[in-house]
Amino acid sequence: MSEGGIVLETTRLRLRGWELEDFEPVASFLADDEANRFRGGGVDRGEAWKWFEGLAGSWLLRGYGTFAVEELEEEELIGWAGLWHPHNLQEPELCWSIFPQHRGHGYAPEAASAALVWWTQMEGQPAPFSMTHPDNKASQRVAEKLGAERCEDMMFEGRHSWVYRHKVPDDAQWERRS
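Nothing here was measured: the structure is a model prediction, and the numbers come from that model. (Residues numbered from 1 in each chain as written. Predicted model: local features only at pLDDT ≥ 70, side-chain atom pairs only at ≥ 80, totals over all residues. Heavy atoms only, no water.)

K.L.:
Where do I start with the packing of aromatic side chains in this structure?
P.N.:
Within a pair of aromatic rings, the relevant descriptors are the distance that separates the centres and the angle that separates the planes. Applying the stated criterion to the full structure yields 15 aromatic pairs. With 6.1 Å between their ring centres and 45 degrees between their planes, Trp118 and Trp119 make a pair best called tilted. Assigned by exposure class, Trp118 and Trp119 land together as buried. Pairwise contacts between aromatic rings join Trp18, Phe23, Phe29, Trp49, Trp51, Phe52, Trp80, Trp84, Phe99 and Phe156 into one cluster. Here the basic side chain of Arg150 rests over the ring of Trp162, its NZ or CZ set 3.7 Å away from the ring centre. (Phe/Tyr/Trp six-rings, centres within 6.5 Å; stacked < 30°, edge-to-face > 60°. Buried < 20%, exposed > 50% of the residue type's maximum accessible area, 1.4 Å probe, protein only. Lys NZ or Arg CZ within 6 Å of the ring centre and 35° of its normal.)

K.L.:
Would you mind going over helix α1 (residues 23-31) with me for this structure?
P.N.:
For an α-helix, the turn length of 3.6 residues means that residues three or four places apart are oriented alike. Turning to α1, its buried residues number three or more, namely Phe23, Val26, Ala27, Phe29 and Leu30. Taken end-on, α1 shows its buried residues confined to a sector of 160 degrees, consistent with a single buried face. Turning to α1, the residues buried within the fold contact α2 (45-62), β4 (77-84) and β5 (93-98). (Helix = DSSP H or I, 4+ residues; strand = E, 2+ residues; numbered from the N terminus. Arc of directions from axis to C-beta. Contact = heavy atoms within 4.5 Å.)

K.L.:
I tried to follow the nonpolar core on my own but got confused; where do I start?
P.N.:
Side chains that are nonpolar tend, in soluble globular proteins, to be buried together. Residues Leu15, Trp18, Val26, Trp80, Trp96 and Trp118 are the most contacted members of the largest nonpolar core, which totals 44 residues. In terms of residue count, the dominant contributor to this core is helix α3 (residues 107-122) (9 residues). (Core = buried A, V, L, I, M, F, W, Y, C linked by side-chain atoms within 4.5 Å.)

K.L.:
Can you walk me through the environment of Leu89 in this structure?
P.N.:
Looking at the secondary structure, you find Leu89 in the loop between β4 and β5. Separated by 15 residues in the primary sequence, Leu89 and Glu74 place their C-alpha atoms 35 Å from one another. For Leu89, the residues in contact, after removing those within four places along its chain, are Trp84, Phe129, Met131, Met154 and Phe156.

Structure below.
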């Protein structure tokens, strides 16, 4: 399950492996207090680097992780989507983050759906969960659009979270490129 050049393409997006050049837009996003209010606020460049290393390093350590998400036409990084599995979660979470200037175009459900189909159908893994802050209505709508159902609440890193359980999707809306 290593990243090994896996690229997923949807109608409008490319989900690909991380590159060093992706750090600057990720660091800029992670510094934004408002954009990260449900994660506890923005972080400095040092913390952003640790976050970025985690995004990229998960592929090496776990054999799966998050994909860098870019618009096909512009080839511009707009966020990430995929499987996030820190040491303090017992199973991977399907996650997504789209940079503020690219929100409102349906990119989050499109990218997360491609990652979900890849994980469950190509990799043969069980459907993951997603967690959202109780006030993060946009993320809740994405989870519901993906067919997930709210099943429980949990505390994660001192924050209350709603848990959504995904189902194995019936159809693939992406193309895999190696």
